[in-house]
Amino acid sequence: MSTTAPPVQQARRAAAAAAVGSLVEWYDFALYGAAAALVFNSYFFVDSSPTTGLLASFATFAVGYFARPFGGVVFGHLGDKIGRKPVMVVTLGIMGVSTALIGLLPSYQSVGILAPALLVLLRVVQGLGAGAEYAGAIVLSSEAAPVGHRGFYASWSGAGVWVGSALGLGTFQFALWATGDNFEQWGWRIPFLLSLVMLGISLYIRRQVAETASFEQAKSDDTKIPLFELFRTAKGRLALSLGSNFMLSGFSYIPQVWALSYLTNDIGLAAMAGLGINAVVLAAGAAFMPVFGRLGDRVGRRRLFMFGAGFGVLWAFPMFALIDTRVPALIILALVVCFVGAVATCYAAQAAFLAEMFPPAMRYSGVAFAREVSGALLGGTTPLIATALFAGFGHWWPVAVWMVVMATVAFVSVYLSKHYRSDADQGSDDHFNHLTDRPSDAVPTGAH
């Protein structure tokens with residue numbers, strides 16, 4: 001195997017292509033999350049009480065996450081068999097088109113139960129496409145990056161996630177401002193339809209990227225179904241990778257999605273102010289992603305990941321206490337510190353961390369499965385669970401406890417990953433491409 005580092009230009013091109021795909025994916029999901037919190041409960045579930053309508057709206061948000069593992073399994077397998085690039089072009093197209101079609105849906109008052117049924121169908125399609133998008137992004141950018149800079153280039157995908165989320169919320173906010181009283185009738189559709197413009201730009205960029213050398217070298221592998229082989233030989237890797245994602249598929253959705261509902265419905269902020277605060281928080285997280293990605297290259301991404309998860313355990317209760325002051329500056333501080341100190345550090349570390357947990361011939365399948373199963377369990381259900389907890393107890397403390405539990409699971413999972421990968425070996429291209437499946441073979445000096 002050649003250990004020659006890929007050209008920097010190729011690494012940048014791959015990282016940019018990965019980032020724009022993540023941007024489109026999470027532009028779409030941020031729009032849906034904002035619309036679920038502010039519009040869909042009254043547009044598609046008009047016969048329900050406010051709380052029931054909000055629960056139903058967040059339930060459709062969850063449906064997309066339940067679909068993601070199926071997309072992850074199917075497209076992850078194809079990504080390991082036919083290549084990273086063609087699969088990522090297809091998943092990007094599926095996401096963009098389904099999001100635009102949501103913007104064309106009729107209301108419940110127009111077509112009755114058909115309206116929410118079509119919403120769920122498009123949400124499922126959106127989830128299928130998204131199920132392998134981010135996994136492909138971090139695999140592509142990690143494999144194309146020079147050995148000592150994998151964390152930095154892979155972190156661009158995470159930055160794309162939050163830039164896309166902030167852009168989605170900003171576009172949603174602009175549509176709210178521009179259409180005024182017409183927003184709930186037709187103004188909310190504009191951001192969804194604009195997804196087609198972003199899709200076209202992103203597809204053009206992605207088509208310029210070459211396939212990675214790691215995939216080309218792994219094509220000779222005769223594993224028929226990579227995921228089945230991982231279940232047979234690497235259950236520990238899958239379980240710990242899945243557990244590590246509790247921080248990002250669960251914990252992060254409290255400040256990113258559910259907090260918008262809490263700020264507007266319970267704290268009393270105007271919807272536009274809540275969207276603005278959320279966009280600022282996401283932009284701050286995105287700005288720090290490359291910084292933490294480079295830091296992970298230097299101090300170790302496992303160590304960085306554990307720091308972020310530990311900080312999340314400590315910050316959940318102070319975050320809500322600051323939000324309850326109802327002072328906008330303190331609310332922004334609470335959420336920005338959460339995103340930068342806990343979520344951004346974990347997100348930046350996780351990109352290359354997950355890619356390094358699996359050998360090239362099974363990498364796309366392994367990363368997609370680990371991310372999307374935990375996403376189905378937590379990403380879509382966390383806003384729903386938080387809404388139910390808050391409604392049941394009348395206070396935010398159970399929601400904070402739920403955040404602590406998720407961060408703790410991630411911390412323990414990353415700690416135990418020392419049996420499979422080590423920060424001491426993350427600079428080795430040979431170790432990166434030839435991982436063993438036996439824990440006893442992977443505990444080097446310095447793994448702790």
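Residues numbered from 1 in each chain as written. Predicted model: local features only at pLDDT ≥ 70, side-chain atom pairs only at ≥ 80, totals over all residues. Heavy atoms only, no water.

**Quick word on the overall build of the protein chain**
Across its full length, the protein chain holds 23 helices and zero strands. The C-alpha atoms of the protein chain give 21 Å as radius of gyration, which agrees with the globular expectation for 448 residues (22 Å, within 12%). Structurally, the protein chain occupies a C-alpha span of about 60 × 40 × 35 Å along its principal axes. The burial tally for the protein chain puts 61% of its 448 residues in the buried class. Here the contacts in the protein chain between residues at least 6 apart in sequence split such that 85% fall between residues at least 24 apart. Just so you have it, the protein chain exposes about 15,700 Å², and 68% of that area is on carbon and sulfur atoms. A distance of 4 Å separates the average location of the 27 positive side-chain charges in the protein chain from that of its 24 negative side-chain charges. (Helix = DSSP H or I, 4+ residues; strand = E, 2+ residues; numbered from the N terminus. Rg over C-alpha atoms; globule rule 2.2 N^0.38 Å. Buried < 20%, exposed > 50% of the residue type's maximum accessible area, 1.4 Å probe, protein only. Contact = heavy atoms within 4.5 Å. Areas by Shrake-Rupley, 256 points an atom, 1.4 Å probe, with all protein chains shown as cover. Lys, Arg positive; Asp, Glu negative; His and termini not counted. Charge placed at Lys NZ, Arg CZ, Asp CG, Glu CD.)

**A closer look at the nonpolar core**
Membership of the largest hydrophobic core comes to 136 residues, with the highest contact counts inside it found for F40, W162, F172, W188, F320 and I323. Take this core: its biggest share by element is 17 residues, from helix α19 (residues 328-355). Not counting residues within four places of it along the chain, the set of residues in contact with F172 comprises L31, A34, A35, L38, V39, F183, W188, P191, F192 and L275. Counting residues in hydrophobic clusters, the runner-up holds five residues, among them A11, A145, F152 and Y153. (Core = buried A, V, L, I, M, F, W, Y, C linked by side-chain atoms within 4.5 Å.)

**Describing helix α22 (residues 397-416)**
Over its 20 residues, α22 extends 29 Å from the first C-alpha to the last, a length consistent with the 28 Å expected when each residue adds 1.5 Å. Listing the buried residues of α22 in full gives P398, V399, A400, M403, V404, M406, A407, A410, S413 and V414. (Expected span 1.5 Å × (residues − 1).)

**Quick notes on unusual backbone geometry**
Even without glycine at this site, R326 takes up a positive phi of about 65 degrees. On the secondary structure map, R326 appears in the loop between α18 (301-323) and α19. R326 gets classed as partly exposed once you look at its relative accessible area, which sits at 47%.

**So, the side chain of S202**
Inspection of the secondary structure assignment puts S202 in helix α11 (residues 195-206). In this structure, S202 is in contact with V20, V24 and L92, ignoring residues within four places of it in sequence.

**Overview of the packing of helix α4 (residues 84-102) against helix α7 (residues 133-144)**
One can describe the packing of α4 onto α7 by two numbers: an axis separation of 10 Å at closest approach and a directional angle of 145 degrees. Remark: the crossing between α4 and α7 carries left-handed chirality. In this structure, α4 contributes R84, M88, T91, L92 and M95 to the contact, and α7 contributes E133, G136, A137, V139, L140 and E143. Residues of the contact of α4 with α7, tallied by class, amount to six nonpolar, two polar and three charged. (Axes fitted to C-alpha atoms, helices over the stretch in contact; angles between N-to-C directions. Left-handed = near helix turned anticlockwise from the far one by under 90°. Nonpolar A, V, L, I, M, F, W, Y, C, P; charged D, E, K, R; others polar.)

**Considering the packing of aromatic side chains**
Following the criterion strictly, the structure yields 23 aromatic pairs and no others. Their ring planes at 50 degrees and their centres at 4.9 Å tell us that W162 and F339 sit as a pair that is tilted. Within this pair, whereas W162 is found in helix α8 (residues 150-179), its partner F339 is found in helix α19, the two being separated by 177 residues in sequence. Neither residue differs from the other here; W162 and F339 are each classed as buried. Ring geometry for F311 versus W315: centroids 5.9 Å apart, planes at 20 degrees, classification stacked. (Phe/Tyr/Trp six-rings, centres within 6.5 Å; stacked < 30°, edge-to-face > 60°.)

**Concerning the confidence of the model for the protein chain**
The predicted structure's coordinates, where accompanied by low pLDDT, should not be read in detail. Overall, the predicted model of the protein chain reaches an average pLDDT of 85, with 92% of residues at or above 70. Here residues 1-6 scores under 50 on pLDDT; set against residues more than four positions off or in separate chains, the count is 12 contacts. Throughout residues 437-448 the model reports pLDDT below 50, and contacts reaching past four residues in sequence, or to other chains, amount to 24 contacts. (pLDDT = per-residue confidence, 0-100.)

**So, helix α13 (residues 226-233)**
Among all positions in α13, only P226, L227 and L230 are buried. Considered in projection along α13, the buried side chains sweep an arc of 100 degrees and stay on one side of the axis. Opposite the buried face of α13, by more than 90 degrees, sit the exposed residues F228 and R232. (Arc of directions from axis to C-beta.)

**Topic: the pattern of salt bridges**
This structure, assessed with the given rule, holds 12 salt bridges. For D80, the salt bridge is made with R84, and the minimal N-O distance between the two is 3.0 Å. Judged on exposure class, the residue D80 and its partner R84 are both buried. Across the salt bridge formed by R206 and E133, the nearest N and O atoms sit 2.8 Å from each other. (Salt bridge = Lys/Arg side-chain N within 4 Å of Asp/Glu carboxyl O.)

**So, the side chain of S365**
Along the chain, S365 falls in helix α20 (residues 360-379). For S365, a relative accessible area of 5% gives the class buried. For S365, the side chain forms a polar contact with the main-chain oxygen of G76, separated by 3.3 Å. Within the local environment of S365, its side chain forms a polar contact with the side chain of D80, the two groups lying 2.7 Å apart. Sequence-distant contacts of S365, defined by excluding residues within four places in its chain, comprise G76, H77, D80, P226 and L227. (Polar contact = N/O pair within 3.5 Å; in protein donor to acceptor, adjacent residues only side chain to side chain.)

**Quick notes on the environment of M362**
Within the secondary structure, M362 sits in helix α20. Residue M362 is classed as buried on the basis of its relative accessible area of 9%. Once you skip the residues sitting within four places of it in the chain, M362 turns out to touch D80, T223, P226, E229 and L230.

**Thoughts on the packing of helix α16 (residues 253-267) against helix α17 (residues 271-299)**
One way to put it is that α16 packs onto α17 with a least axis distance of 9 Å and a crossing angle of 155 degrees. Between α16 and α17, the angle is such that the two are roughly antiparallel. Relative to α17, α16 is oriented so that their crossing is right-handed. Counted together, P255, Q256, L260 and T264 of α16 and A271, G274, L275, N278 and L282 of α17 form the full contact between these two elements. (Parallel < 35°, antiparallel > 145°, perpendicular 65-115°, else oblique.)

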